[in-house]
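Now for the letters of each chain:
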Amino acid sequence: MSVLSKVANFYWLLLLVGISIFLPLQNALTHLLGLSTYIDEFIQLFMLAILIWKSFTLKSAKFIVMSYAFLVLWMSILSIKAVPERGLSNVAQQIFVHSKYIVFIGFFYLVVKSQISKKVLNVIICLSVFFLFFDLLFQGTLNALLDQKVQMRGGSVRPIGIQGHTANLGFFMSMLAAYFICSDNKISQKAKFIFIFMSLILVFLTSVRTALVVFPIILAWGFRASFRVTATVIGTLSLIFVAIGPNKYFNELVEITQQNIINTIENPTKAAYIRGMMIYFSFELANERFPVGTGAATFGTVKSDDSAIYAELGVRNSRFFIEKDGIYDSNFASVLGEFGYLGFALYYYFFISFILRLCSFDKKTKVNSEFLFVSISLMLVYSFTNPVFMNTNQIVIFALFLAAASKPVNEATHKI
């Protein structure tokens, strides 16, 4: 290899590492360094260009590019009716956001790969755990440093960590739990119990209720694999909760969750619960515009500001829609409202099939079936309360863990 090639490879590796570290920490770094909030869109275009270039020689890259083109095409067809009211630019930009997960996941899995992803994750894990406890000890310090609104729960400031956002911190810890517990099928049961206990503490400390769903998902897989082991895990977790006993923080989590479910089902508008409102209205739009919805950039998305759909629903003057507070939080609601039952089914099916097909391309590597089930299920459940397919941070975290979980088929893995 020539000196020039070695230098080029070094800078290419440096670029991949830089992108891999920057994107999961984008909220904090863009504020601290004064960078544009649109930098992830430029990186997305760069990744797409690399994938297109590689598609001429690699079947896996061609699959990614063709998948992206297919997703963009059918979303465009379903959004034609939205163009006169929302404008071609808004519709196109929103479709670009809706389809970003294919580019990020495909790029990390195919280009960044397992070896780099593991090393990057080791750095991010250390930073995330350190700043989580820093945030708990020095409450509000990171909020002031990163100019983030202080939110309270159980009488304490909710941590935002190095992710700069409570929801992103919780998502990272839930994916970390899935990775530690499920990515290696050779892990001993003793180590698995230890990882479950440690992960439960980390997830609980984030104060994010949705992040706790990773544990029921893991147990659901456990029932399939071994009833005895799963029963033991349930018993252990029960003992932990009994040992903790009733406390203000835990009781508040339960009470808030119960109230949110009631508000979503009964009268979300009256209760002023924005996630419940968005889910409620998404079903209303899906029923009225059966089966194709209202089109991109019209409901529950970044480019839906001041949409005529909000006026039709009678919520345009609501403070949530004026201040844009929480209307993007439910990806489930945005996809169902904008693309109807048909588009919703296609979108979610396409996500699952894309991940499974991508992981099956290279016969020399394999992602553990348990991790695939847990991580994909976690993304689907999370989409009810988070914009996981539109949020760069959460997509990249998923992509990093997926790439890191890819192991050589013939790898000699010893029990821990």
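These figures come from a predicted structure and were not determined experimentally.

(A) Focus on the overall build of the chain. Within the chain one finds 20 helices and four strands. Counting all 416 residues of the chain, 52% fall into the buried class. Put simply, the chain shows about 19,500 Å² of open surface, and 67% of that area lies on carbon and sulfur atoms.

(B) Broad picture of helix H20 (residues 392-404). Between its first and last C-alpha atoms H20 spans 18 Å; for 13 residues at 1.5 Å apiece the expected length is 18 Å, and the two agree. With 13 of 13 residues buried, H20 lies mostly within the body of the structure. Put simply, Asn 391 is the residue that caps the front of H20, since its side-chain oxygen is 2.9 Å from the backbone nitrogen of Asn 393.

(C) A look at the packing of helix H18 (residues 331-360) against helix H19 (residues 369-382). Where H18 contacts H19, the axes come no closer than 11 Å and their chain directions differ by 155 degrees. Put simply, H18 runs roughly antiparallel to H19. Regarding H18 and H19, the two cross each other, and that crossing is right-handed. Along its contact with H18, which presents Tyr 348, Phe 351, Ile 352, Ile 355, Leu 356 and Cys 359, the element H19 presents Leu 372, Ile 376, Met 379 and Leu 380.

(D) Structural context of the nonpolar core. Formed by 115 residues in total, the largest nonpolar core has its most connected members in Tyr 101, Ile 105, Ile 355, Phe 371 and Leu 402. In terms of residue count, helix H7 (residues 100-137) provides more of this core than any other element does, 17 residues in total. Non-local contacts of Phe 371, meaning those with residues more than four positions away in its chain, are made with Met 175, Ala 178, Tyr 179, Cys 182, Ser 183, Ile 376, Phe 401, Leu 402 and Ala 405. Core analysis: the next-biggest nonpolar cluster, separate from the first, contains seven residues, Ala 28, Phe 131, Leu 146 and Ile 162 among them.

(E) Focus on a nonpolar patch on the surface. Together, Val 3, Val 7, Phe 10, Tyr 11 and Leu 14 line one region of the surface with nonpolar side chains, adding up to about 530 Å² of accessible area. Inspection of the secondary structure puts Tyr 11 in helix H1 (residues 3-22).

(F) Up close: the environment of Pro 291. Structurally, the position occupied by Pro 291 is in the loop between helix H15 (274-288) and helix H16 (308-313). Taking relative accessible area as the criterion, Pro 291 reaches 29% and is therefore assigned partly exposed. When the C-alpha positions of Pro 291 and Leu 342 are compared, they lie 5.4 Å apart, and in sequence the two are 51 residues distant. Ignoring any residue separated from it by four or fewer positions in sequence, one finds Pro 291 in contact with Phe 339, Gly 340, Tyr 341, Leu 342 and Gly 343.

(G) Just the pattern of salt bridges, in detail. Applying the stated criterion to the full structure yields six salt bridges. For Asp 40, the salt bridge identified is with Lys 100, shortest N-O distance 3.6 Å. Within this pair, whereas Asp 40 is found in helix H3 (residues 39-54), its partner Lys 100 is found in helix H7, the two being separated by 60 residues in sequence. Salt bridges here are not isolated pairs; linked through shared partners, they connect Glu 288, Arg 289 and Glu 312.

(H) Representation of the side chain of Gln 44 within the structure. Along the chain, Gln 44 turns up in helix H3. What makes Gln 44 buried here is its relative accessible area of 1%. With residues near it in sequence (within four places) discarded, Gln 44 still touches Tyr 68, Phe 96, Lys 100, Val 103 and Phe 104.

(I) Representation of the packing of H1 against H3 in the model. At a minimum axis distance of 12 Å, the contact between H1 and H3 shows a crossing angle of 135 degrees. By the angle class used here, H1 and H3 are oblique. Two packed elements cross with a definite hand, and for H1 against H3 that hand is left-handed. For the pair H1 and H3, the contacting residues are Trp 12, Leu 15, Ile 19 and Phe 22 in the first and Ile 39, Ile 43, Phe 46, Met 47 and Ile 50 in the second.

(J) Local environment of the packing of aromatic side chains. Applying the stated criterion across every chain, the model contains 34 aromatic pairs. Pairing Tyr 101 with Phe 354 gives two aromatic rings, centres 6.4 Å apart and planes at 75 degrees, and the pair type is edge-to-face. Remark: Phe 354 occurs in helix H18 and Tyr 101 occurs in helix H7; sequence separation between them is 253 residues. Comparing Tyr 101 with Phe 354, the two get one shared label, buried. For the ring pair Phe 290 and Tyr 341, a centre distance of 6.0 Å and an interplane angle of 55 degrees mean the geometry is tilted. Placement of Phe 290 in the loop between H15 and H16 and of Tyr 341 in helix H18 is noted, with a sequence separation of 51 residues between them. Residue classification places Phe 290 among the exposed positions, given a relative accessible area of 58%. Overall, the relative accessible area of 27% leaves Tyr 341 in the partly exposed class. Above the face of the Phe 63 ring, Arg 357 is positioned so that its terminal group lies 5.7 Å from the ring centre. Stacked on the ring of Phe 361, the Lys or Arg Arg 357 has its end atom at 4.1 Å from the ring centre.

Thresholds, definitions, all that
Residues numbered from 1 in each chain as written. Predicted model: local features only at pLDDT ≥ 70, side-chain atom pairs only at ≥ 80, totals over all residues. Heavy atoms only, no water. Helix = DSSP H or I, 4+ residues; strand = E, 2+ residues; numbered from the N terminus. Buried < 20%, exposed > 50% of the residue type's maximum accessible area, 1.4 Å probe, protein only. Areas by Shrake-Rupley, 256 points an atom, 1.4 Å probe, with all protein chains shown as cover. Expected span 1.5 Å × (residues − 1). Polar contact = N/O pair within 3.5 Å; in protein donor to acceptor, adjacent residues only side chain to side chain. Axes fitted to C-alpha atoms, helices over the stretch in contact; angles between N-to-C directions. Parallel < 35°, antiparallel > 145°, perpendicular 65-115°, else oblique. Left-handed = near helix turned anticlockwise from the far one by under 90°. Contact = heavy atoms within 4.5 Å. Core = buried A, V, L, I, M, F, W, Y, C linked by side-chain atoms within 4.5 Å. Patch = residues over 30% accessible without salt bridge, like charges linked within 9 Å, V, L, I, M, F, W, Y side chains within 5 Å. Salt bridge = Lys/Arg side-chain N within 4 Å of Asp/Glu carboxyl O. Phe/Tyr/Trp six-rings, centres within 6.5 Å; stacked < 30°, edge-to-face > 60°. Lys NZ or Arg CZ within 6 Å of the ring centre and 35° of its normal.

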